[in-house]
Amino acid sequence: GLIITACVSVVRADSLGRTPQESQALVHLDRGEYKGARRLAEKSLSQSNTFIANFVLGVVHAEGEGNLARGLYYVQRSKEMLLTEEGNPPANPDARRWHKRVLLREQAIYGMMDRRDQQLNVLDQYDEHYAPKLTARRIWPLLKLERFDEARDLGKALVHNDEPVVRERAYNGLMAVEEEAGNRRQSYSWGLEGLKDTRGESCIIATNLALGARRTFQFAKAISHDTTALQAQDGSCPTSPHAQLAAMYLVFGEFQQSLSSLKLLRSTPRPPDMRVQNEMVIRARFVELLLALGALD
């Protein structure tokens, strides 16, 4: 399926912090230093059972270690503790900011677990209390539930939004809706419009457009779109476009370029939660290359 950008909330210490360790854990979490964040959060919990330390552990387990069930447990415990202490919804500005942060993380984990009804339920909780509403985040769970018409209506409304990031999500979502519904040419058409709207600077739209070109047998265009994605600097692609380029060069029999793309893919920095998946992609592409070269053993 198409790639959907994962949004990670930035966390920082504030007036609700109780221990120095949890404040330090947040700093490590911001830096993607999951081992240090976990060690400090666990040390903080040994002194005081706080919602912040539980939140850190939830993100570490889900994002840093891929243990989604454990991550969800800690994030939900963090939310329960926060609302018990501060009210539902909280009145304190810092608590409200934290409530939004925890809800964003909770819905993201539900999404990674493909539990779409619960994801929509958490989005309902967010939209009930906070603005702007997270309407664009509803497109993907709706299409996964095969509620295509609802997803289309949202996407078509949001392509006119004033915020570029919302329009990007809308176009990307419409591509995904039509892809899941089996309308590949329509998916490709939405991608072209999205690429134009983002002035060719959205990696996620360009790489999904390349995937759409490949699935409609426009192989030369697929390479062109993936090359555009490589030049984009917005950081929206969770996986380097070299993963798709390696496959396309193989289709054209350009074995050396395919191998070069695999090497570049491996050298591209990857977040911890994507490393295992990316390594599997690299090995699969390498197997395809070896088979094409006749190295069957």
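Residues numbered from 1 in each chain as written. Predicted model: local features only at pLDDT ≥ 70, side-chain atom pairs only at ≥ 80, totals over all residues. Heavy atoms only, no water.

**Thoughts on the overall build of the protein**
- In terms of helices and strands, the protein carries 15 helices and zero strands.
- For a compact globule of 297 residues, the expected C-alpha radius of gyration is about 19 Å, and the protein comes in at 21 Å, within 12% of that figure.
- The principal-axis extents of the C-alpha atoms in the protein amount to approximately 60 × 45 × 30 Å.
- Within the protein, the proportion of its 297 residues that are buried is 49%.
- Accessible surface, the protein as shown: approximately 14,600 Å² in total, 51% of it carbon and sulfur. (Helix = DSSP H or I, 4+ residues; strand = E, 2+ residues; numbered from the N terminus. Rg over C-alpha atoms; globule rule 2.2 N^0.38 Å. Buried < 20%, exposed > 50% of the residue type's maximum accessible area, 1.4 Å probe, protein only. Areas by Shrake-Rupley, 256 points an atom, 1.4 Å probe, with all protein chains shown as cover.)

**Brief notes about the packing of aromatic side chains**
- Applying the stated criterion across every chain yields a total of six aromatic pairs.
- When the centroid spacing of 5.2 Å and the interplanar angle of 70 degrees are considered together, the rings of Tyr73 and Tyr74 count as edge-to-face.
- Measuring from centroid to centroid gives 6.2 Å for Tyr171 and Trp190, while their planes differ by 55 degrees, and the two rings are tilted. Placement of the pair is Tyr171 in helix H9 (residues 164-180) and Trp190 in helix H10 (residues 184-197), with a sequence separation of 19 residues.
- Residue Trp190 is classed as buried on the basis of its relative accessible area, which comes to 11%.
- Residue placement shows Arg101 over the ring face of Trp98; its charged tip is 4.5 Å from the ring centre. (Phe/Tyr/Trp six-rings, centres within 6.5 Å; stacked < 30°, edge-to-face > 60°. Lys NZ or Arg CZ within 6 Å of the ring centre and 35° of its normal.)

**Let's talk about the environment of Val177**
- Inspection of the secondary structure assignment puts Val177 in helix H9.
- Judged by relative accessible area, Val177 falls into the buried class, the value being 0%.
- Once the C-alpha coordinates of Val177 and Gly36 are considered, the two residues, 141 residues apart in sequence, prove to be 39 Å apart.

**What about the state of the cysteines?**
- Applying the stated rule across the entire model yields one disulfide.
- A sulfur-sulfur distance of 2.1 Å marks the disulfide that ties Cys203 to Cys237. Around the S-S axis, the bridge from Cys203 to Cys237 shows a dihedral of about -105 degrees and counts as left-handed. Of this pair, Cys203 sits in helix H11 (residues 203-215) while Cys237 sits in the loop between helix H12 (219-231) and helix H13 (242-251); the two residues are 34 residues apart in sequence, bridging distant segments of the chain. Here Cys203 and Cys237 have matching classes, each one buried. (Disulfide = S-S within 2.5 Å.)

**Observations regarding the packing of helix H1 (residues 20-30) against helix H3 (residues 51-64)**
- Between H1 and H3, the least distance of the axes is 9 Å, while the angle of their chain directions is 25 degrees. As judged from the angle between their axes, H1 and H3 are roughly parallel. As for how H1 packs across H3, the hand of that crossing is left-handed. Counted together, Glu22, Ala25, Leu26 and Leu29 of H1 and Ile52, Ala53, Phe55, Val56, Val59 and Val60 of H3 form the full contact between these two elements.
- Looking at the contact of H1 with H3, its residues break down into nine nonpolar, no polar and one charged. (Axes fitted to C-alpha atoms, helices over the stretch in contact; angles between N-to-C directions. Parallel < 35°, antiparallel > 145°, perpendicular 65-115°, else oblique. Left-handed = near helix turned anticlockwise from the far one by under 90°. Contact = heavy atoms within 4.5 Å. Nonpolar A, V, L, I, M, F, W, Y, C, P; charged D, E, K, R; others polar.)

**Thoughts on a nonpolar patch on the surface**
- A surface patch of nonpolar side chains, amounting to about 300 Å² of accessible area, comprises Val287, Leu291 and Leu296.
- You can see Leu296 is positioned in the segment after helix H15 (272-292). (Patch = residues over 30% accessible without salt bridge, like charges linked within 9 Å, V, L, I, M, F, W, Y side chains within 5 Å. Salt bridge = Lys/Arg side-chain N within 4 Å of Asp/Glu carboxyl O.)

**Comments concerning the nonpolar core**
- In this structure, Leu29, Phe51, Val56, Trp98 and Leu143 are the most contacted members of the largest nonpolar core, which totals 68 residues.
- If sequence neighbours within four positions are ignored, Phe51 has contacts with Leu16, Ser78, Met81, Leu82, Glu85 and Trp98. (Core = buried A, V, L, I, M, F, W, Y, C linked by side-chain atoms within 4.5 Å.)

**A closer look at helix H2 (residues 34-45)**
- Taking 1.5 Å per residue, twelve residues should reach 16 Å; H2 reaches 16 Å between its end C-alpha atoms and fits that length.
- Where H2 is concerned, the buried positions are Tyr34, Gly36, Ala37, Leu40, Ala41 and Ser44. Mapping the buried residues of H2 onto a view down its axis gives an arc of 160 degrees, with all of them on the same face. For H2, exposure combined with an orientation more than 90 degrees from the buried face picks out Lys35 and Arg39. (Expected span 1.5 Å × (residues − 1). Arc of directions from axis to C-beta.)

**Digging into H10**
- With 14 residues, H10 extends 20 Å between its outermost C-alpha atoms, agreeing within 8% with the 20 Å of an ideal straight helix rising 1.5 Å per residue.
- When H10 is considered as a whole, its buried residues turn out to be Ser187, Tyr188, Trp190, Gly191, Gly194 and Leu195. All buried residues of H10 project into a common sector of 160 degrees when viewed along the axis, lining one side. When the buried face of H10 is taken as reference, the exposed residues oriented beyond 90 degrees from it are Arg185 and Lys196.
- Where the residues of H10 are buried, they touch helix H8 (148-158), H9, H11 and H12.
- Arg199 occupies a position one or two residues after H10 and carries a positive phi of about 55 degrees.

Coordinates in, geometry out; function isn't part of it.
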